[in-house]
Amino acid sequence: MRLDNMLLAEGVSGPEKGGGSAAAAAAAAASGGSSDNSIEHSDYRAKLTQIRQIYHTELEKYEQACNEFTTHVMNLLREQSRTRPISPKEIERMVGIIHRKFSSIQMQLKQSTCEAVMILRSRFLDARRKRRNFSKQATEILNEYFYSHLSNPYPSEEAKEELAKKCSITVSQVSNWFGNKRIRYKKNIGKFQEEANLYAAKTAVTAAHAVAAAVQNNQTNSPTTPNSGGYPASCYQSDGRIQ
DNA sequence: ATTCATGATTTTAT
DNA sequence: ATAAAATCATGAAT
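Reading the values: rules and limits
Counting restarts for each chain, with residues numbered from 1 along the sequence as it is written. A letter from A marks each chain and a number from 1 marks each ligand, given out in the order of writing. Local features in a predicted model are, by the rule used here, given only for residues with pLDDT of at least 70; side-chain atom pairs are given and counted only at 80 or more, and totals for whole chains, interfaces and linings are based on all residues. Here the side-chain values reflect all heavy atoms present in the structure, with hydrogen atoms and water set aside. Here a strand is any run of E in DSSP of at least two residues, a helix any run of H or I of at least four, and the numbering for each starts at the N terminus. Throughout, exposure labels follow a simple rule: accessible area from a 1.4 Å probe, protein chains only, divided by the maximum for the residue type, with under 20% read as buried, over 50% as exposed, and the rest as partly exposed. For every accessible area listed, the method is Shrake-Rupley and the probe measures 1.4 Å; residues are considered covered only by the protein chains on display. Take the buried Ala, Val, Leu, Ile, Met, Phe, Trp, Tyr and Cys residues and link them wherever side-chain atoms come within 4.5 Å; each set so joined is a nonpolar core. Note on definitions. A residue lies near a molecule or strand when any single heavy atom of the residue is within 4 Å of it. Under this definition, polar contacts are N or O atom pairs within 3.5 Å; protein pairs additionally need one hydrogen-donor-capable and one acceptor-capable atom, and for neighbouring residues in sequence, both atoms have to be side-chain atoms. Note on residue categories: nonpolar means Ala, Val, Leu, Ile, Met, Phe, Trp, Tyr, Cys or Pro, charged means Asp, Glu, Lys or Arg, and polar means any other residue, Gly included. Between two residues, a contact is recorded if the distance between any of their heavy atoms is within 4.5 Å. Patch membership needs two things, relative accessible area over 30% and no salt bridge, and members are linked within 9 Å if like-charged or within 5 Å if nonpolar (Val, Leu, Ile, Met, Phe, Trp, Tyr). Basic side-chain nitrogens of Lys or Arg form a salt bridge, by our definition, when they fall within 4 Å of a carboxyl oxygen of Asp or Glu. When charges are counted, Lys and Arg are positive and Asp and Glu negative, with His and the chain ends excluded. Think of each charge as sitting on NZ of Lys, CZ of Arg, CG of Asp or CD of Glu. Only centres within 6.5 Å qualify two rings of Phe, Tyr or Trp (six-membered ring in Trp) as a pair; their planes then separate them into stacked at under 30 degrees, edge-to-face at over 60, and tilted for everything else. A ring has a charge above it when a Lys NZ or an Arg CZ is no more than 6 Å from the ring centre and no more than 35 degrees off the ring normal. Convention adopted: a line fitted to C-alpha atoms gives each axis, helices being fitted over their contacting stretch, and angles between N-to-C directions are expressed from 0 to 180 degrees. Just so you know how the angles are binned, under 35 degrees is roughly parallel, over 145 roughly antiparallel, 65 to 115 roughly perpendicular, and the rest oblique. In this scheme, a crossing is called left-handed if the near helix is turned counterclockwise away from the far one by less than a right angle; it is called right-handed if the turn is clockwise.

Trainee: Lay out the overall build of chain A in plain terms, naming residues and giving numbers.
Mentor: A tally of helices and strands in chain A yields 7 helices and 0 strands. Starting at the N terminus, the α and β elements of chain A follow one another as α-α-α-α-α-α-α. Within the span of chain A, comprising 243 residues, buried residues form 29% of the whole. Element-wise, carbon and sulfur atoms account for 51% of the exposed surface of chain A, whose accessible area totals about 16500 Å².

Trainee: Can you explain the nonpolar core? Please cite residues and give values.
Mentor: Core analysis: the biggest nonpolar cluster contains 18 residues, and L142, F146, Y147, V174, F178 and Y185 have the highest contact counts within it. Listed by contribution, the elements that provide at least two residues to this core are α4 (136–148), α5 (157–167), α6 (171–187) and α7 (189–218). One finds F69, V73, L77 and M94 within the second-largest nonpolar core, a separate group that totals 8 residues.

Trainee: Just give me the short version of the protein's contact with DNA strand C, but keep the residues and values in it.
Mentor: The full set close to DNA strand C counts 10 residues, and R131, Y154, R182, I183 and K186 are the nearest of them. In the interface set of DNA strand C, defined as its atoms within 4 Å of the protein, sugar plus phosphate atoms amount to 80%. Here R131 contributes a side-chain N or O atom positioned 2.5 Å from a base oxygen of DNA strand C. Broken down by element, the surface near DNA strand C gets its largest block of residues, 5 residues, from α6. Residue classes in the surface near DNA strand C are distributed as 3 nonpolar, 1 polar and 6 charged.

Trainee: So what about the side chain of N143? Which residues, and what values?
Mentor: Relative to the elements of secondary structure, N143 occurs in helix α4. Residue classification places N143 among the buried residues on the basis of a relative accessible area of 6%. Looking at N143, its side chain comes within polar contact range of the side chain of K181, at 3.2 Å. Apart from residues no more than four positions distant in its own chain, N143 is found in contact with W177, K181, E195 and Y199.

Trainee: I'd like a rundown of a negative patch on the surface, residues and numbers included.
Mentor: The grouping of E157, E158, E161 and E162 at the surface amounts to a negative patch. Tracing the sequence through the fold places E158 in helix α5. Relative accessible area serves as the criterion here: at 64%, E158 is assigned to the exposed category.

Trainee: Just give me the short version of the environment of L120, but keep the residues and values in it.
Mentor: Along the polypeptide, L120 turns up in helix α3 (residues 88–129). On the accessibility criterion, L120 (0% relative accessible area) is buried. In the structure, L120 is positioned 72 residues away from L48 in sequence and 7.9 Å away in space, judged by C-alpha atoms.

Trainee: Lay out the packing of aromatic side chains in plain terms, naming residues and giving numbers.
Mentor: Per the stated rule, a full pass over the model turns up 10 aromatic pairs. Residues Y185 and F192 carry aromatic rings whose centres are separated by 5.8 Å and whose planes lie at 50° to one another, so their mutual orientation is tilted. The same class applies to Y185 and to F192, which are both buried. A network of ring pairs unites the aromatic residues Y145, F146, Y147, W177, F178, Y185, F192 and Y199 as a single cluster. The ring of F146 carries the charged tip of K181 above its face, separated from the ring centre by 5.9 Å.

Trainee: Go over the packing of α4 against α5, please, and point to the residues and values.
Mentor: For any two helices packed against each other, the geometry comes down to the angle between their axes and how far apart the axes lie. Packing of α4 against α5 leaves a shortest axis separation of 9 Å and a crossing angle of 155°. In terms of orientation, α4 and α5 fall into the roughly antiparallel class. As α4 packs across α5, the resulting crossing turns out to be right-handed. Here A138, I141, L142 and Y145 of α4 lie close against α5, whose contacting residues are A159, L163, K166 and C167. Partitioned by chemical class, the residues of the contact of α4 with α5 number 7 nonpolar, no polar and 1 charged.

Nothing here speaks to function; it is all geometry.
Rendered as C-alpha cells:
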C-alpha cells in the first residue's frame, strides 16, 4: 500500500524536523544567549517561564499539525475510496498510526524541554555556588556593625536591609555574613581580638568626630575639652556572649 | 600544590 | 522561621 508508505514517510520527516527545532529552541533558552556568566535569580525564573512558553506553543503547534495531517489523510482516503473500497477499519488504523507518531514526537519535545530545564538548573546552581569576596568597603561596614554590637550581634530585619543597601549586597548575604561571623568569632575569639580592637578604635574615632562636631555646633566657645580620654566609653564588651 | 580565608549551602536543633 | 554548626567550594596568599 503506497498510501501507508507515504503516511509513514511524511509522518516521520515532517514534524520530526519541528521537534528538533523545538528542542534547539528550548536548549537555547536554557543556556541563554547572554554572555554573562552569573545568572541572577530573576533571570533564572525568566528563562524557566520562557522554556515553559516554548514548550506550550510547540505542543499546540503539534496538536494543530496533527489535526491538519489527519484531515489531509482522510481526504486522500476519501479520494481513493472512489477507485477501491476502503474499510472503516483501515481508516481507524491510519488515524492510530498518525496519533502514535505525533504523540511520540510530543514525548520527544517533553524530553528535550526537561533536559533544557536541567541544564538551566545546573548552571544556576553553579553560578550560585560561585563565591565572590565582598568589597573591602562592605566588609568594613559589616565589621563595624558587628563589633559595635558585639554583645548582641543580631541585626534586625530593618538593620539588615540598611546594611545590605550600604554594602550593595542582598539581605540574605548580610544574614549569611553575620551567621558566619558569629560562629567564627565565637569559635576563636583570640584570633579576632586584633580586629575587634581595630574596629572598636575606628568607631571610637568616628564617635569622637561626631562628638567634636557636636561640640563645635553647640558651643561656640569651648574653653575645656569635653572629657579626658577623648574617647567616649569603650564600645566593645569583653563578654562576647553569643547564644 | 598547599593552605587559609570566606561566602554559600546543608543539616540540625529550637 | 531562625540560628548554630558543619560542610562545601572558591579566591587568594604562600
